[in-house]
Amino acid sequence: MLLKKTHIVPIIAAVALAFSTSILQAKTFKMALGDAQGGTQYALGEKFSELFEKKTGGKHKVKMFPNSQLGSEQDTVNDAAIGTLDFSILAINNITPFSPSVGVMTLPYVIQSLDDAVKLTRGEVGKELTENTIRDAGVRIVGWAYSGFRVLTNSKKPVRTVGDLQGLVIRVPKNEIMIATYQAWGINPTPMAWSETFTGLQQKVVDGQDNPYITVSAMKFNEVQKYITNIRYIFSLEPLIVSESVFQSQKPEVQKAILEAGKEATLYSEQYIKETEGRIKKELQAKGMEINDPADGEKEWIAKATEAVWPKYYDSIGGKDKLDRVMKILGR
Ligand code: MLT
């Protein structure tokens, strides 16, 4: 069919309109990260972004803002809740204040291995926590970084026993369960936002803190901390959250891409920690950090923390039954 000149102008206009509409719909989503580049958060975020972009045929992109550039981890939950931020990756302990049932994942010594962490995040408990964070905090968990046990670091002395801890000023996140754990060990820790922690350690406002090996390395804490105690009281899980209002405003195919990319990036994160943690530990030693194991197989640390802290938080995590159910899932 031969097009008349009078038809060509409207066709060009329609194509231009369709093109500009699709350009307008393309979006660069903003993702906040509490940690610097080089850790488990960054690895998860990078993999998610790559997969999400691919799944949307290159139409949508994600721009990552590491190192708390968009605010403290707890601030990013608020921003995502009101829809001014799209995504955030943060430590689970920084969501708990907004959705207390998540605390079951940060009760001391509940998660005792990467396998435990995988079981809980990918099973019915993980699903329940996702529903709860949507309800309580306006954010949806779509993926998980597995970051390893939070080891204790400090600048003053080797710590092996609970007794050695006395007199040290330890920074903790603004998380009641973690504060209560240090109190059970006999000290009053200092709650401080993650974004202020490096400076706090550097200026000796605090002597120490706890975070996984990979995070200690990514944040260059070895420059301001000397001693590590290999405690295993909390396995650090770092959820990738999306603003629920942003999620709901997406087309079904974009929602599907977010969920699928989140699941696949989570599998990648499991692999990443298996391949990375041992090497990072050695690198930290090579950079001058001294690693000590807690005395007596950590028995005193475990007894003091579990006896004092667990009963105190049964209500906020959804009842003792919930913890019993978690333990059953973990085969204990
Ligand atoms: C914290 O200690 O506040 C967090 O674990 C920091 C992090 O996200 O790595």
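The rules behind these values
- Residues numbered from 1 in each chain as written.
- Predicted model: local features only at pLDDT ≥ 70, side-chain atom pairs only at ≥ 80, totals over all residues.
- Heavy atoms only, no water.
- Helix = DSSP H or I, 4+ residues; strand = E, 2+ residues; numbered from the N terminus.
- Contact = heavy atoms within 4.5 Å.
- Areas by Shrake-Rupley, 256 points an atom, 1.4 Å probe, with all protein chains shown as cover.
- Lys, Arg positive; Asp, Glu negative; His and termini not counted.
- Charge placed at Lys NZ, Arg CZ, Asp CG, Glu CD.
- 1 Å grid on protein atoms, 1.4 Å probe; cavity = no way out; pocket = protein on both sides within 12 Å on 5 of 7 lines; lining within 4 Å.
- Points joined across faces, edges and corners; volume = space filled by probe spheres on them.
- Nonpolar A, V, L, I, M, F, W, Y, C, P; charged D, E, K, R; others polar.
- Pairing = 2+ DSSP bridges.
- Axes fitted to C-alpha atoms, helices over the stretch in contact; angles between N-to-C directions.
- Expected span 1.5 Å × (residues − 1).
- Buried < 20%, exposed > 50% of the residue type's maximum accessible area, 1.4 Å probe, protein only.
- Near = heavy atom within 4 Å.
- Polar contact = N/O pair within 3.5 Å; in protein donor to acceptor, adjacent residues only side chain to side chain.
- Core = buried A, V, L, I, M, F, W, Y, C linked by side-chain atoms within 4.5 Å.
- Right-handed = clockwise from strand over helix to strand, strands pointing away.
- Parallel < 35°, antiparallel > 145°, perpendicular 65-115°, else oblique.

### Some points on the overall build of the chain
Now for step 1: Assigned secondary structure in the chain consists of 13 helices and 11 strands.
Now for step 2: Expressed as lengths along the three principal axes of its C-alpha atoms, the size of the chain is roughly 90 × 45 × 30 Å.
Now for step 3: Residue pairs at least 24 apart in sequence account for 76% of intrachain contacts in the chain once pairs closer than 6 positions are excluded.
Now for step 4: Total accessible area on the chain is roughly 14,700 Å²; 54% of this is exposed by carbon and sulfur atoms.
Now for step 5: Here the chain carries 41 positive and 38 negative side-chain charges, and the mean point of each set is 5 Å from the other.

### Comments concerning empty space enclosed by the protein
Now for step 1: Evaluated as defined, the whole model comprises 1 cavity of 30 Å³ or more.
Now for step 2: Quantified by volume, the largest cavity comes out at close to 60 Å³.
Now for step 3: Each residue belonging to the lining of the largest cavity can be placed in one class, and the counts come to 3 nonpolar, 5 polar and 5 charged.

### As for the sheet that holds strand β3 (residues 87-89)
Now for step 1: The sheet built from 5 strands is open, its strands ordered β2-β1-β3-β10-β4 with mixed pairing. Two strands close off the open sheet at either side, each with one partner strand: β2 (61-65) and β4 (139-149). This sheet shows a mean twist of 20° between the axes of neighbouring strands, independent of strand direction.
Now for step 2: The sheet contacts of helix α2 (residues 40-55) involve β1 (28-33), β2, β3, β4 and β10 (235-243), and relative to β2 the element is tilted by about 165°.

### Structural notes on helix α5 (residues 124-137)
Now for step 1: Taking 1.5 Å per residue, 14 residues should reach 20 Å; α5 reaches 19 Å between its end C-alpha atoms and fits that length.
Now for step 2: Taken as a whole, α5 has its buried residues at Val125, Gly126, Leu129, Thr130, Asn132, Thr133 and Ala137.
Now for step 3: The inward-facing, buried residues of α5 contact α3 (73-81), α4 (114-122), β4 and α13 (320-329).
Now for step 4: At the exit of α5 stands Gly138, carrying a positive phi of roughly 70°.

### Side note on the sheet that holds strand β8 (residues 208-211)
Two strands in a sheet stick together by hydrogen bonds in their backbones, pointing the same way (parallel) or opposite ways (antiparallel).
Now for step 1: The strand order across the open sheet built from 6 strands is β7-β6-β8-β5-β9-β11, with neighbouring strands paired in mixed fashion. What marks the edges here is a single partner per strand, and that holds for β7 (190-191) and β11 (290-292).
Now for step 2: As judged from the 2 bridges shared by strand β6 (residues 170-172) and β8, these two strands associate in the parallel manner. Opposite Ile170, over in β8, you have Gly208 as the bridge partner.
Now for step 3: Running at roughly 155° to β6, helix α7 (residues 176-184) makes contact with β5 (151-154), β6, β7 and β8 of the sheet.

### Observations regarding the site of the ligand
Now for step 1: Close to the ligand lie 13 residues, the nearest being Asp35, Glu73, Arg150, Arg171 and Asn211.
Now for step 2: A distance of 2.4 Å is found between an oxygen atom of the ligand and a side-chain nitrogen or oxygen belonging to Glu73.
Now for step 3: Between the ligand and the protein, one listed contact pairs an oxygen atom with a side-chain N or O atom of Asn94 at 3.1 Å.
Now for step 4: Within the complex, the protein chains bury 100% of what would otherwise be the 270 Å² of accessible surface of the ligand.
Now for step 5: Grouping the constituent residues of the shell around the ligand by class yields 3 nonpolar, 5 polar and 5 charged.

### Some points on the nonpolar core
One recurring pattern in soluble globular proteins: nonpolar side chains tend to sit buried together.
Now for step 1: The biggest cluster of nonpolar side chains holds 57 residues, and the ones touching the most others in it are Met105, Leu107, Val110, Ile111, Tyr146, Phe235 and Leu237.
Now for step 2: Apart from the residues lying within four places of it in its own chain, the contact partners of Val110 are Val104, Asp116, Trp310, Leu323, Val326, Met327, Leu330 and Arg332.
Now for step 3: If you look at the next biggest cluster of nonpolar residues, it comprises 23 residues, including Leu44, Phe52, Leu240 and Ala261.

### Describing the pairing of β1
Now for step 1: Strand direction decides the pairing type here: β1 and β2, joined by 5 bridges, are parallel. Bridge assignment links Phe29 to a residue of β2, and that residue is Val62.
Now for step 2: At this point the chain moves from β1, through α2, to the parallel β2, and the crossover so formed is right-handed.
Now for step 3: Relative to β3, β1 is paired through 3 bridges, and the arrangement is parallel. The partner of Met31 across the bridge, within β3, is Phe87.

### Brief notes about the packing of α4 against helix α11 (residues 252-286)
Now for step 1: With their axes 12 Å apart at the nearest point, α4 and α11 run at an angle of 170° to one another. Comparing their axes, α11 and α4 come out roughly antiparallel. Of the residues in α11, those in contact with Leu114, Val118 and Arg122 of α4 are Thr266, Leu267, Glu270, Ile273 and Lys274.
Now for step 2: Of the residues contributing to the contact of α4 with α11, the split by class is 4 nonpolar, 1 polar and 3 charged.

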